[in-house]
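Topology and contacts: notes
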Amino acid sequence: MRSWGIVTAMIATPAKACMLSPTEGESFNIIGGGVRILIDGESSGGQIFVIEAPIPPGEGPPLHSHQREDEMFYVLEGRIKFSVDGQEFIGEKGAFACAPRGSIHAFKNIGTETARMIVTCTPSGLEGPFRAVRLPEPGSGVEPPTVEQVMAEFAKHGITFHGPPLD
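Computed from a predicted model, the values in this text were never measured in an experiment.

On to the overall build of the chain, then. Check the secondary structure of the chain and you find four helices and 11 strands. What you see for the chain is a C-alpha radius of gyration of 17 Å, in line with the 15 Å of a compact globule of 167 residues. With respect to the principal axes defined by its C-alpha atoms, the chain has extents near 60 × 40 × 35 Å. Evaluated residue by residue, the chain yields a buried proportion of 38% over its 167 residues. The contacts in the chain between residues at least 6 apart in sequence include a share of 68% that link residues at least 24 apart. Of the accessible surface of the chain, which amounts to about 9500 Å², a share of 58% is contributed by carbon and sulfur atoms. Here the chain contributes 13 positively and 20 negatively charged side chains, and the mean placements of these two sets differ by 5 Å.

Spelled out as C-alpha cells, the structure:
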C-alpha cells in the first residue's frame with residue numbers, strides 16, 4: 001500500500017494558471033538590469049520564480065551565493081560571461097547555465113547590446129528582495145537604494161556577496 005501523504009505535504013499550495021502576453025507582467029529595474037516577472041511564488045505555490053532579464057552591456061551582479069534556491073539561466077540574446085564556483089563559460093543565444101544553491105556565481109553581459117535571459121529560481125522567494133530593491137521611477141523624487149541597503153535586503157533572504165562583479 002502506498003502512502004501519498006508525503007506528496008500532499010510537499011505541494012501545500014497549488015499553482016495557479018498563468019499566461020502573459022509579451023507586454024504583460026510586473027516589470028521594474030534593479031541595480032544591474034531589468035526584471036520582468038513571469039511567475040512568482042504566489043502564482044506557483046512557492047515552487048518557482050521566473051523572470052525575463054534584460055542586461056545592459058557591462059552589467060551583472062557581484063559574485064554571490066544563495067542558501068535557499070538553485071538558479072538557472074537561459075540566454076535569449078547577447079553574450080553573457082558566467083562564473084560558477086570558479087568555472088567560467090561564455091554563453092550566447094540558446095546557452096544554459098545552472099548555479100546550484102551554495103555555489104558562488106555571477107554573470108556579466110560582455111556584448112555591446114542589451115542581452116536578455118530567462119532566469120529561473122527554485123524554490124521561489126527571490127522575488128521578495130528583488131521587489132524591495134527596485135529602482136524608483138525617474139523623476140519620482142525617491143532615492144534609489146544604496147549598495148548597503150541592497151546587500152542587507154538580499155542577506156535577509158540568504159544571499160551572501162563574495163566579491164565584485166566579473167571583469
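Here we come to the sheet that holds strand β5 (residues 70–77). Strand pairing in a sheet relies on backbone hydrogen bonds, with the paired strands running either antiparallel or parallel. Pairing is antiparallel across the open sheet formed by six strands, whose spatial order is β1-β2-β3-β10-β5-β8. Each edge of the sheet is formed by a strand with only one pairing partner; in this case those strands are β1 (26–30) and β8 (96–99). Along the sheet, successive strands turn relative to each other by an average axial angle of 25 degrees, direction set aside. Relative to β8, β5 runs antiparallel, the two being bridged by four bridges. Along β8, the bridge assignment pairs Tyr 74 with Phe 96.

To continue, consider the pairing of strand β10 (residues 115–122). By the bridge criterion, seven bridges tie strand β3 (residues 49–55) to β10 in an arrangement that is antiparallel. Across the sheet, the residue bridging to Phe 49 is Cys 121, located in β10. Here β5 runs beside β10; their pairing, made up of seven bridges, is antiparallel. Bridging from a neighbouring strand, Glu 71 pairs with Cys 121 of β10.

Okay, the packing of aromatic side chains next. Under the definition given, this model contains seven aromatic pairs. Measuring from centroid to centroid gives 5.5 Å for Phe 73 and Phe 82, while their planes differ by 50 degrees, and the two rings are tilted. Given the relative accessible area of 2%, Phe 73 is considered buried. Assessed through its relative accessible area of 2%, Phe 82 is described here as buried. Among the aromatic residues, those joined into a ring-pair cluster are Phe 49, Phe 130, Phe 154 and Phe 161.

Now for the nonpolar core. Counting residues in each nonpolar core, the largest one holds 27 residues, and the members touching the most others are Ile 51, Phe 73, Phe 82, Met 117 and Phe 130. Of all elements in the fold, only β1, β2 (33–39), β3, β5, β6 (80–84), β8, β10 and α4 (147–156) reach the threshold of two or more residues within this core. Phe 73 has contacts with Phe 82, Ala 95, Phe 96, Ala 97, Ala 99, His 105, Phe 107, Met 117, Ile 118 and Val 119, leaving out every residue within four places of it along the chain.

Turning to the pattern of salt bridges, a few remarks are in order. For the structure shown, the criterion picks out 11 salt bridges. We note a salt bridge from Arg 131 to Glu 26, for which the minimum N-O separation is 2.7 Å. Of this pair, Arg 131 sits in helix α3 (residues 127–132) while Glu 26 sits in strand β1; the two residues are 105 residues apart in sequence, bridging distant segments of the chain. On the basis of relative accessible area, Arg 131 is assigned to the partly exposed category, the value being 27%. Taking the relative accessible area as the measure of exposure, Glu 26 reaches 28% and is therefore partly exposed. We note a salt bridge from Glu 26 to Arg 134, for which the minimum N-O separation is 3.4 Å. Residue Glu 26 is located in strand β1, and its partner Arg 134 is located in the loop between α3 and α4; the two are separated by 108 residues in the primary sequence. Look at the salt bridges and you will find they share partners, linking Glu 26, Asp 40, Arg 131 and Arg 134 into a network.

Reading guide: rules and limits
- Residues numbered from 1 in each chain as written.
- Predicted model: local features only at pLDDT ≥ 70, side-chain atom pairs only at ≥ 80, totals over all residues.
- Heavy atoms only, no water.
- Helix = DSSP H or I, 4+ residues; strand = E, 2+ residues; numbered from the N terminus.
- Rg over C-alpha atoms; globule rule 2.2 N^0.38 Å.
- Buried < 20%, exposed > 50% of the residue type's maximum accessible area, 1.4 Å probe, protein only.
- Contact = heavy atoms within 4.5 Å.
- Areas by Shrake-Rupley, 256 points an atom, 1.4 Å probe, with all protein chains shown as cover.
- Lys, Arg positive; Asp, Glu negative; His and termini not counted.
- Charge placed at Lys NZ, Arg CZ, Asp CG, Glu CD.
- Pairing = 2+ DSSP bridges.
- Axes fitted to C-alpha atoms, helices over the stretch in contact; angles between N-to-C directions.
- Phe/Tyr/Trp six-rings, centres within 6.5 Å; stacked < 30°, edge-to-face > 60°.
- Core = buried A, V, L, I, M, F, W, Y, C linked by side-chain atoms within 4.5 Å.
- Salt bridge = Lys/Arg side-chain N within 4 Å of Asp/Glu carboxyl O.

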